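Close look at the chain arrangement
Spelled out, the chains give:
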Amino acid sequence: MLLIAFVAGIMFGIVVMNQGLNKAKVGTLRVDISDLEDGPYLFLELEKGVSDISSKSYVFLKVDTQSCLSRK
């Protein structure tokens, strides 16, 4: 019984933390490494305005590593 309560508590904590972090996310950082000759390309896609972000000390970004540039 104690094990079931422990596992349920961990699952509840994971769900609550995931929802909280998704609300705090301000955008996506896309990392494109498809060009092997150059370094990685970084693209910042914001979901909130710059004025909302500039007043904060820390922000959360989702990192997307899908390479989408076509090779020549």
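Look above for the structure.
Residues numbered from 1 in each chain as written. Predicted model: local features only at pLDDT ≥ 70, side-chain atom pairs only at ≥ 80, totals over all residues. Heavy atoms only, no water.

A short note on the pattern of salt bridges
- Under the criterion given, the structure shown has two salt bridges.
- The salt bridge partner of Lys25 is Glu47, with a shortest N-O separation of 3.7 Å. With Lys25 in strand β1 (residues 25-32) and Glu47 in the loop between β2 (41-46) and α2 (50-54), the pair connects residues that are 22 residues apart, well separated along the chain. (Salt bridge = Lys/Arg side-chain N within 4 Å of Asp/Glu carboxyl O. Helix = DSSP H or I, 4+ residues; strand = E, 2+ residues; numbered from the N terminus.)

A look at the sheet that holds β2
- A sheet is described by the order of its strands in space; here three strands give the open sequence β2-β1-β3, paired in mixed fashion. Edge positions in the sheet fall to β2 and β3 (60-64), since each has one partner strand and no second. Neighbour-to-neighbour, the strand axes of this sheet turn through a mean angle of 25 degrees, independent of strand direction.
- As paired strands, β1 and β3 are joined by five bridges and run parallel to one another. Bridge assignment links Thr28 to a residue of β3, and that residue is Lys62.
- Along the sheet face, helix α1 (residues 2-24) touches β1 and β3 and points at about 85 degrees away from the line of β1. (Pairing = 2+ DSSP bridges. Axes fitted to C-alpha atoms, helices over the stretch in contact; angles between N-to-C directions. Contact = heavy atoms within 4.5 Å.)

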